[in-house]
Amino acid sequence: MSNIIIGTAGHIDHGKTALIKALNGYEGDSTNEEKQRGITIDLSFSNLSKGQQNIAFIDVPGHEKLVKNMIAGAFGFDYVMLVISAAEGIKPQTVEHIEIINLLGLKDIIVTITKKDLVTEEELKEQEKNILNFLGEYDFDIKFLQAVSVYDEKSIERLKDKLFTIKNSSKQEENFFRYYVDRVFSPKGIGTVVTGTVLGHMCELNEKVFICDAQKESKIKNIQVHNENVIEANISNRAAINLQGINASNIKKGDLITKKGYLRGFDMIDISFCALKEKTLQHNKNYTMFIGSKKIEVKVLLFDSTTSLEKGFATIKADENLYSVFGEKIILRQGNATIAGAKVLNPIVDPMKKNQKRVLLEALDKNNFEEAYRELLNAHKKGLGLISSTQRFALSHEQAIEFGRSLENVFIDEKELIIYPIETKDLILDFIRDIYTKNTYALLSSTSLKLRLKWASEGFIQSALDILEEENFLVKENNLYKNANIKEDFAKNLENIVLQRLEKEDIAPTAPYNIYDDLDLDRKLGDNILKSLTSKKQVIRLQHNLFIHGESLNKLIASMKEIIKQDGYIEIANFKEHYELSRKYIVTYLDYLDNFSNIKKEGNKRVFV
């Protein structure tokens, strides 16, 4: 089924709500306050279906003090139905709605002139001309203009027919689900229900989702689209979602629901902005920001730190984390006045110098991702994660990888979704050369090197190992690399080195992984060496991470028995009088005494039988 969301916009009393009722019978002004005041206070949602076509309507308030609710609905529109009274024409709130629609980048417009029964044909034609001339100042794509009266059923039917000729949603599909909450309910026996518009990607029944602002994971128990239970909701569907395990008090209007791991939150984002005519954005001033259905107080820091600007770059600073994506539209207001519209350029805080940031923002503003990648790689020498490509560039992982392939002098780890400047490989090469130069008997794999170079992916490390093998600096044996200058099989030598290390450490041996790291041994190889030594009884394993030289243990046991002979028992206190060992070792050695038939445990003491 095709899904289209049409939002109404226009001046108060120009007949938006009455028009929706005439189209689909839905009474939008449902609350007592709305009925008493005769205006739409909050967003109203309804739909109109024909065969496999579905049109969802979002009826937004027209009153100047309720523009914030209009903005909250506008982000989800596919098309805007601009409603203008034939009797009154374009009025102040009509203009403000038009300006907001323009700032939000909504281009597809349907013009509906209402109350045509109140004017003559000549007056109607003159009004149509005035409206089109006014809209001509903006970059709108006007799909059609239709005059109607809610008392003229034929005009309403003609409008319906035209509405069903417009194309499906043109929203960009992303590689993850996003959904701004515009309402929260808690029906008895149902649990928490939220409503909103599906963005980015479809969502499915029983799918796990993540409430970013609450930092809580949940599961979709049920989905309703236009009051019908469904197993999935697609882009541009108005959907009510029943969430599992989440209290309604933990969610509020404006919260973003998505998939875990795709979006990171930051208290700062970078934007490009354009103020309305005769208005400017001022540096270091507070504004109300609208993003999605979220309303939040923020501070605006102009990038050039000038007093005020009509257009340019700025940083938005908030007292809470913002979960935004590249290209997302923003409205900035002060009091009841709309000041500027903006586009999110950089939704992720990066450690960058100001001149770097300028180049990045200029590139992003022009959708020049190649230059943006370059600047980000200059700031992220040790790897730029492509996992955040959707948030950064509105590119899917596949698109980001494909784009990365077109770049020169980079290494892309497609498995771990990381891109590196190729010169960074020199850091890995130098690191590996240093290990094998200092330790002739080093024997490591890409996996063991990854444990030391945590910033480098295993694929990137392997590419460096391949170079060193080609240079005949290293030789590969199975999955391990050894110094190419060592011709003999030094497996026996390694056993002796580990055994000598344990002999030297005596009764306070270090953990195996520390030994492996000190000796530059692959962990799996190190484990095999210890298994070989324990099978020969040269080393005794007392715990999973405690191995002791056999002779050291024998000497210690003899000494512990001597303590029992002198004191009549051995426990932690008198053990420590003879050996300055940590409790970890003492308890382990005391427990080992329990293996001897001539020793028994009485409370915390060991005595001879």
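Being a predicted model, the structure only gives us computed values, none of them experimental. (Residues numbered from 1 in each chain as written. Predicted model: local features only at pLDDT ≥ 70, side-chain atom pairs only at ≥ 80, totals over all residues. Heavy atoms only, no water.)

**Student:** Is there a simple way to think about the nonpolar core in this case?
**Tutor:** Most often, soluble globular proteins have nonpolar side chains that are buried together. Ranked by internal contacts, the top residues of the largest apolar core, which has 31 residues, are Ile271, Leu281, Met289, Val300, Ile316, Ile330 and Leu332. Ile271 has contacts with Gly312, Phe313, Ala314, Ile316, Ile330, Leu332, Ala342, Lys343, Val344 and Leu345, leaving out every residue within four places of it along the chain. By size, the runner-up hydrophobic cluster in this structure holds 28 residues, among which are Val80, Ile100, Val119 and Leu124. (Core = buried A, V, L, I, M, F, W, Y, C linked by side-chain atoms within 4.5 Å. Buried < 20%, exposed > 50% of the residue type's maximum accessible area, 1.4 Å probe, protein only. Contact = heavy atoms within 4.5 Å.)

**Student:** Would you take a moment to explain the packing of helix H17 (residues 550–567) against helix H19 (residues 583–593) for this structure?
**Tutor:** Between two packed helices, what matters for the description is the angle formed by their axes and the separation of those axes. Packing of H17 against H19 brings their axes to within 11 Å, and their N-to-C directions diverge by 80°. Relative to H19, H17 is oriented roughly perpendicular. Residues Leu553, Leu556, Ile557, Met560 and Ile564 of H17 form the contact with H19, whose participating residues are Tyr589, Leu590, Tyr592 and Leu593. For the contact of H17 with H19, the per-class residue count stands at 9 nonpolar, no polar and no charged. (Axes fitted to C-alpha atoms, helices over the stretch in contact; angles between N-to-C directions. Helix = DSSP H or I, 4+ residues; strand = E, 2+ residues; numbered from the N terminus. Parallel < 35°, antiparallel > 145°, perpendicular 65-115°, else oblique. Nonpolar A, V, L, I, M, F, W, Y, C, P; charged D, E, K, R; others polar.)

**Student:** Sorry, what's going on with the sheet that holds strand E25 (residues 410–413) here?
**Tutor:** Within a sheet, neighbouring strands are paired by backbone hydrogen bonds and run either parallel or antiparallel to one another. Across the sheet, which stays open at both edges, the 3 strands sit in the order E24-E26-E25 with antiparallel pairing between neighbours. The sheet is open, and its two borders are formed by strand E24 (384–385) and E25, each paired with just one other strand. Bridge analysis of E24 against strand E26 (residues 418–421) gives 2 bridges, and the strand direction is antiparallel. Its bridge partner lying in E26, Gly385 is registered against Ile418. On top of the sheet, helix H13 (residues 458–470) reaches E25 and E26; it is set at about 130° to E25, its chief contact. (Pairing = 2+ DSSP bridges.)

**Student:** Help me understand the packing of helix H7 (residues 354–365) against helix H8 (residues 369–379), please; the structure alone is not making it clear to me.
**Tutor:** Contact pair H7 / H8: the axes reach a minimum separation of 8 Å and the direction vectors enclose 155°. One element, H7, and the other, H8, form an angle in the roughly antiparallel class. Seen along the crossing, H7 lies across H8 with a hand that is left-handed. Packed against H7, whose contacting residues are Gln356, Val359, Leu360, Ala363 and Leu364, the element H8 presents Phe369, Glu371, Ala372, Glu375, Leu376, Asn378 and Ala379 at the interface. Taken together, the residues that form the contact of H7 with H8 break down as 8 nonpolar, 2 polar and 2 charged. (Left-handed = near helix turned anticlockwise from the far one by under 90°.)

**Student:** Teacher, can you tell me more about the pairing of strand E29 (residues 480–483) here?
**Tutor:** Summarising the sheet, strand E27 (residues 443–444) and E29 pair through 2 bridges and their orientation is antiparallel. Along E29, the bridge assignment pairs Leu444 with Tyr481. Bridging between strand E28 (residues 474–477) and E29 involves 4 bridges; their strand directions are antiparallel. When the bridges of E29 are listed, Leu474 appears paired with Asn483.

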